[in-house]
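Now for the letters of each chain:
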Amino acid sequence: MDKQKHDEETLIDLAELFKIFGDSTRIRILFSLFDGERHVADIADSLGMSQSAISHQLRILKTSKLVTSKKSGKNVIYTLADNHVKSIIAQGLEHVLE
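Note that residues are indexed from 1 along each chain, following the sequence as it is written. The predicted nature of this model means local features are confined to residues of pLDDT at least 70 and side-chain atom pairs, given and counted, to a pLDDT of 80 or more, with totals for whole chains, interfaces and linings taken over all residues. Calculation of side-chain values draws on the structure's entire complement of heavy atoms; hydrogens and water are dropped beforehand.

### Things to note about the sheet that holds strand S2 (residues 67-72)
Here's step 1: As summarised here, the arrangement of the 3 strands in space is S1-S3-S2, forming an open sheet in which the pairing is antiparallel. The strands lining the two open edges of the sheet, one partner per strand, are strand S1 (38-39) and S2.
Here's step 2: Paired strands, in this sense, are two strands between which DSSP finds at least two bridges. The helix count covers DSSP runs of H or I at least four residues long, the strand count covers runs of E at least two residues long, and both are numbered beginning at the N terminus. Pairing analysis gives 6 bridges linking S2 to strand S3 (residues 75-80), with the strands arranged antiparallel. By the bridge assignment for S3, Lys 70 is matched with Ile 77.

### Quick notes on the nonpolar core
Here's step 1: Put simply, a nonpolar core is a bunch of buried Ala, Val, Leu, Ile, Met, Phe, Trp, Tyr and Cys residues held in one set by side-chain atoms that sit within 4.5 Å of each other. Accessible area is worked out with a 1.4 Å probe on protein chains only. A residue is then buried under 20% of its type maximum, exposed over 50%, and partly exposed in between. Counting residues in each nonpolar core, the largest one holds 18 residues, and the members touching the most others are Ile 29, Leu 30, Ile 54, Leu 58 and Leu 61.
Here's step 2: For this core, the secondary-structure elements that each account for two or more residues are helix H2 (24-32), helix H3 (40-47), helix H4 (51-63), S3 and helix H5 (83-97).
Here's step 3: Counting residues per element, this core draws most heavily on H3, which supplies 4 residues.
Here's step 4: In this analysis, two residues are considered to be in contact whenever any of their non-hydrogen atoms come within 4.5 Å of each other. Not counting residues up to four positions away in its chain, the partners in contact with Leu 30 are Phe 21, Leu 61, Leu 66, Val 67, Leu 80, Val 85 and Ile 89.

Below you can see the structure in the form of structure tokens.
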């Protein structure tokens, strides 16, 4: 990475992004979306958690632009926002496994 200067707001935004990754439930949700889009109920079942707990975390992930959602009838389907999310997690995992 080059040594370009970043303004304070950018650095604050970066710190906030890393805070989002500081919660193991959110990491588990992101991992569950690696294979594609899923309904809240599917994520909740796979993680053994309530739909309301998963929905709360998904709202945080969506606000942080890490996941996107779309309506499918009465259900909401979530997916990773882009490949950067997968890459960030993969690099973090590689780092902790070294």
